[in-house]
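Here are the chains, one letter per residue:
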Amino acid sequence: METLINKLKAAALKMTLLMALAAGAAFQGCSGTEQGNSKDEAVSADAATAVYVAPGEHDELYSFLSGGFNGQVSVYGIPSGRLLKIIPVFTQFAENGYGYNEESKAMLMTSHGFVPWDDLHHPKLSRADGMADGRWLFVNGNNTPRVARVDLKTFETVEIMEIPNSAGNHCSPYPTNNNEYVLAGTRFSVPLDMKGGTQDVSLNDYKDKFRGSISFIKVDKEHGDMELDFQILVPGFDYDLANGGKGPSEDWVFFTTYNTEKSATLKELGASQNDRDYLAAINWKLAAKYAAEGKAKEMPANYYHNKMDHNSHIAKSTVKKTVRYLLPEDCPGMMYLLPAPKSPHGIDVDPTGEYMVVNGKLASSLPVFAFSKMQKAIKNKDFDGEVNGIPVLKYESVLAAEVKEPGLGPLHTEFDGKGNAYSTMFVSSEVVKWSLKDFQVKDRMPVYYSPGHLMIPGGDTREPYGKYMVVMNKITKDRFLPTGPELMHSAQLIDISGEKMKMLLDFPTVAEPHYAQGIRADLVAPNSVKFFKLDENTHPEAVKSEKDVSVTRNGRNVKINMTSIRSHFTPDNIEGVQVGDTVLFHVTNLEQDWDVPHGFAIMGANNAETLIMPGATQTLKWVPQQAGIYPFYCTDFCSALHQEMQGYVRVSPRGSKVPISFSTGEKKPVPPATASVSK
Ligand SMILES: [Cu+2]
């Protein structure tokens, strides 16, 4: 009877959770008068001092927040919450011409063609000895599977690698402790046979034909260049999030899975049938060993690898035609499954590397697995069956403890390095602090509203910087002045230096951050490039002196190699262009000083501006449609005479006799046209 009552209670709680999840905002205050008043009880008077960065002073930390559906990364100063930069990655960015100018278009090439958008979820800083080293930021494209690398010397996207045999590159990218590999797991499994590529199959064949993949991307130690080394083809579940071990567990990486039912339809029900899904544990070092020792087979593939050259600032695409793969059933000891609460989201490994926290969003307790117990269970073959030849470990054998009643809808956990963990509770809209020593809840802080991920700078590394926590909320509602139906998302900064959490600051974020990374400013700021050296500019169309500018015609193509410097373009008078010509403006910014970009825009260009950094060359393509005089101008306010930084192109009708000519300043003798005008 006792058992039956417990079962009924558990079922009722399950129903409540499911209903709350379905309703989305069931537990959130909506009016701003109940729990959501902006004058939170929790905000104390000294909060303002704690986040105040005086004019002219710099923030203590950089934080990199993913932009979610804007395909960008936004950089904020902490503790001020100042927006410092938006870095375009998978998305064209009209603000600086990324993805619009001729140099960067190749960055967005994929096997599906030019894809100028993606859903960017997880930023991860590169690592040295398990600590963020401030060199690169790896990010994932969730929709058209890609992994990108941002160089933190320039805060520019320098490399994008498409991931084959993947669909929804969600549990990605996870660097190992010395960037030996960046790992990328597929969210959606795909119909695969080993002849390569996804197959044209019926969805009724999901259970038999679909497989997941986990990609092992090698990273060059010195330059960061990525290379897809091999993939592990895993059972056809959905893979959600991942995290690497550290210390004793540093050879391992862990992935949460759901839809272990392998349902192809109505997943909100179909993927919730089993009482448990799995945490997949993979020994990445052993996998690399198997791959190196010839266990990997090869299959045809088709994926793009795009790289930006540092000196020419020109991106180049390479198309790769094969990929190597391992099958877990051929590789004993490489992969295990640990039973986890159904449909888990985050998997987070504590700084010591001993504890793995599985955030089961539908579960009423938070299970913590012990790595030492996992090792023991493997050694003792303490298995509870297998899936596709992968042993399933017994839940009781790997469990360290369950955190009881942590809150509703746990999604993600990070650590402060002082023995505490902090978990977001989506449904009950709070962050819960609990201890890794006794697994008891120590403090709770309501957040506004419905937090997804949180971020403690270094909170996923060996030594967290346990002073601040940024909570990224999914629902903003009444936190800011209303801006119509569409609101910015909301982040909140919480002081975690003391026993009790203290709310410090709300700040709006650009699009929807899913995760973030934070790092001490002194690990990044000193390396920041101030301008590009003109004499290192290897762009083939660069012009390094005003006397070398040129305008040349080749058939219907006109090439204008020009310069910009405060406060004029050379040339600024151009004639001899005709309707329908393809005109390429190759503009070199001759400045050699920090923060003097020049922009370039011309009337009617169906393109973005270009924003050219000092010492760099960029190209704007323009096809004039009508005869007339077309002004062009600098779009970035560069000097007191910025408004005078302008010029004209004369466009004549097709077949006109007007020769190519160009000049700046006093009319000089017109230089001869370098090629004749084609008729
Ligand atoms: Cu200018």
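Residues numbered from 1 in each chain as written. Predicted model: local features only at pLDDT ≥ 70, side-chain atom pairs only at ≥ 80, totals over all residues. Heavy atoms only, no water.

Under an unreviewed UniProt entry, the protein chain has the name Nitrous oxide reductase apoprotein and belongs to Pontibacter akesuensis. Looking at the Subcellular location (unreviewed entry) heading of the UniProt record, one finds this comment for the protein chain: "Cell envelope". (UniProt positions renumbered as here; feature names shortened; annotations may be inferred.)

Draft legend 1. Just the coordination of the copper ion, in detail. Within the first shell, the copper ion binds the protein through His598 (ND1), Cys634 (SG), Cys638 (SG) and Met645 (SD), at distances of 2.1 to 2.7 Å. What the 4 donor atoms of the copper ion show is an angle range of 93 to 130° at the metal, which sorts the shape as tetrahedral. Read N to C, the donor residues that coordinate the copper ion are spaced as H-x35-C-x3-C-x6-M. One end of the pair, histidine 598, is in strand β41 (residues 598-602); the other, cysteine 638, is in the loop between β44 (628-633) and β45 (646-652), with 40 residues separating them in the sequence. (Donors = N, O, S within 2.8 Å, 3.2 Å for Na, K, Ca; no water. Tetrahedral: all angles 85-135°; square planar, octahedral: opposite > 155°, others 65-115°. Helix = DSSP H or I, 4+ residues; strand = E, 2+ residues; numbered from the N terminus.)

Draft legend 2. Here's a closer look at empty space enclosed by the protein. This structure, assessed with the given rule, holds 3 cavities of 30 Å³ or more. Of the volumes computed, that of the largest cavity is approximately 60 Å³. Only β15 (238-244) and β21 (344-349) provide two or more residues apiece to the lining of the largest cavity. Residues of the lining of the largest cavity, tallied by class, amount to 5 nonpolar, 4 polar and 2 charged. By volume, the second largest cavity is sized at about 40 Å³. Along its surface, the second largest cavity is lined by Arg127, Pro175, Thr176, Asn177, Gly244, Gly245, Glu250, Trp252 and Trp284. (1 Å grid on protein atoms, 1.4 Å probe; cavity = no way out; pocket = protein on both sides within 12 Å on 5 of 7 lines; lining within 4 Å. Points joined across faces, edges and corners; volume = space filled by probe spheres on them. Nonpolar A, V, L, I, M, F, W, Y, C, P; charged D, E, K, R; others polar.)

Draft legend 3. Highlighting the packing of aromatic side chains. One pass over the structure, following the stated rule, counts 25 aromatic pairs. Centre to centre, the rings of tyrosine 62 and phenylalanine 64 are 6.1 Å apart; their planes meet at 15°, and the pair counts as stacked. This pair shows no difference in class: tyrosine 62 is buried, exactly as phenylalanine 64 is. A ring pair is formed by phenylalanine 216 and phenylalanine 230, whose centres lie 4.4 Å apart and whose planes are at 20°; its orientation type is stacked. With phenylalanine 216 in strand β13 (residues 210-219) and phenylalanine 230 in strand β14 (residues 226-234), this pair connects stretches of sequence that are 14 residues apart. Under the relative-accessibility criterion, phenylalanine 216 is labelled buried at 0%. The class of phenylalanine 230 is buried, set by a relative accessible area of 0%. Through a chain of ring-to-ring contacts, three or more aromatic side chains come together here, namely Phe569, Phe585, Phe600, Trp622, Tyr630 and Phe632. Positioned above the aromatic ring of tryptophan 136, the side-chain terminus of arginine 149 is 5.5 Å from the ring centre. Here lysine 361 stacks its cationic end above the ring of tyrosine 258, 5.6 Å away from the centre of that ring. (Phe/Tyr/Trp six-rings, centres within 6.5 Å; stacked < 30°, edge-to-face > 60°. Buried < 20%, exposed > 50% of the residue type's maximum accessible area, 1.4 Å probe, protein only. Lys NZ or Arg CZ within 6 Å of the ring centre and 35° of its normal.)

Draft legend 4. Here's a closer look at the layout of surface pockets. The computed volume of the largest pocket comes to approximately 1,400 Å³. What lines the largest pocket is a set of 45 residues, and nearest its centre among them are Lys85, Thr154, Phe155, Ser528 and Trp594. Looking at the lining of the largest pocket, the elements with two or more residues in it are β1 (61-66), β3 (83-88), β9 (156-162) and β43 (617-622). Considering each element in turn, the lining of the largest pocket owes the most residues, 5 residues, to β3. For the lining of the largest pocket, a count of residues per class yields 23 nonpolar, 11 polar and 11 charged.

Draft legend 5. Molecular detail of the sheet that holds strand β28 (residues 420-425). Spatial ordering of the open sheet is given by β27-β28-β29-β30, a layout of 4 strands whose pairing is antiparallel. Of all the strands in the sheet, just β27 (410-415) and β30 (441-446) have a single pairing partner and so form its edges. Strand-to-strand twist of the sheet, defined as the mean angle between neighbouring strand axes without regard to direction, takes the value 20°. Relative to β30, strand β29 (residues 430-435) is paired through 5 bridges, and the arrangement is antiparallel. For glutamate 430, the partnering residue across the bridge sits in β30 and is proline 446. (Pairing = 2+ DSSP bridges. Axes fitted to C-alpha atoms, helices over the stretch in contact; angles between N-to-C directions.)

Draft legend 6. Focus on the pairing of strand β20 (residues 335-341). The element β20 is extensively covered by neighbouring structure, given that 7 of its 7 residues are classed as buried. Bridge count for strand β17 (residues 276-283) against β20 is 7 bridges, and the pairing is antiparallel. By the bridge assignment, arginine 276 is partnered in β20 with proline 341.

Draft legend 7. Up close: the domain arrangement of the protein chain. Per the domain assignment, the segments making up the protein chain are domain 1 (61-527) and domain 2 (534-663). Between the C-alpha centres of domain 1 and domain 2 the distance comes to 43 Å. Facing the 12 residues of domain 1 at the interface are 15 residues of domain 2. Considering only the surface of domain 1 that becomes buried against domain 2, Glu102, Glu103 and Asn311 emerge as the three largest contributors, covering 37% of it. Counting across the domain 1 and domain 2 interface gives 0 salt bridges. Scanning the region where domain 1 abuts domain 2 turns up 7 residue pairs in polar contact (both at pLDDT 80 or more). (Domains from an automatic or database assignment. Contact = heavy atoms within 4.5 Å. Buried area = accessible area lost by both parts, 1.4 Å probe. Salt bridge = Lys/Arg side-chain N within 4 Å of Asp/Glu carboxyl O. Polar contact = N/O pair within 3.5 Å; in protein donor to acceptor, adjacent residues only side chain to side chain.)

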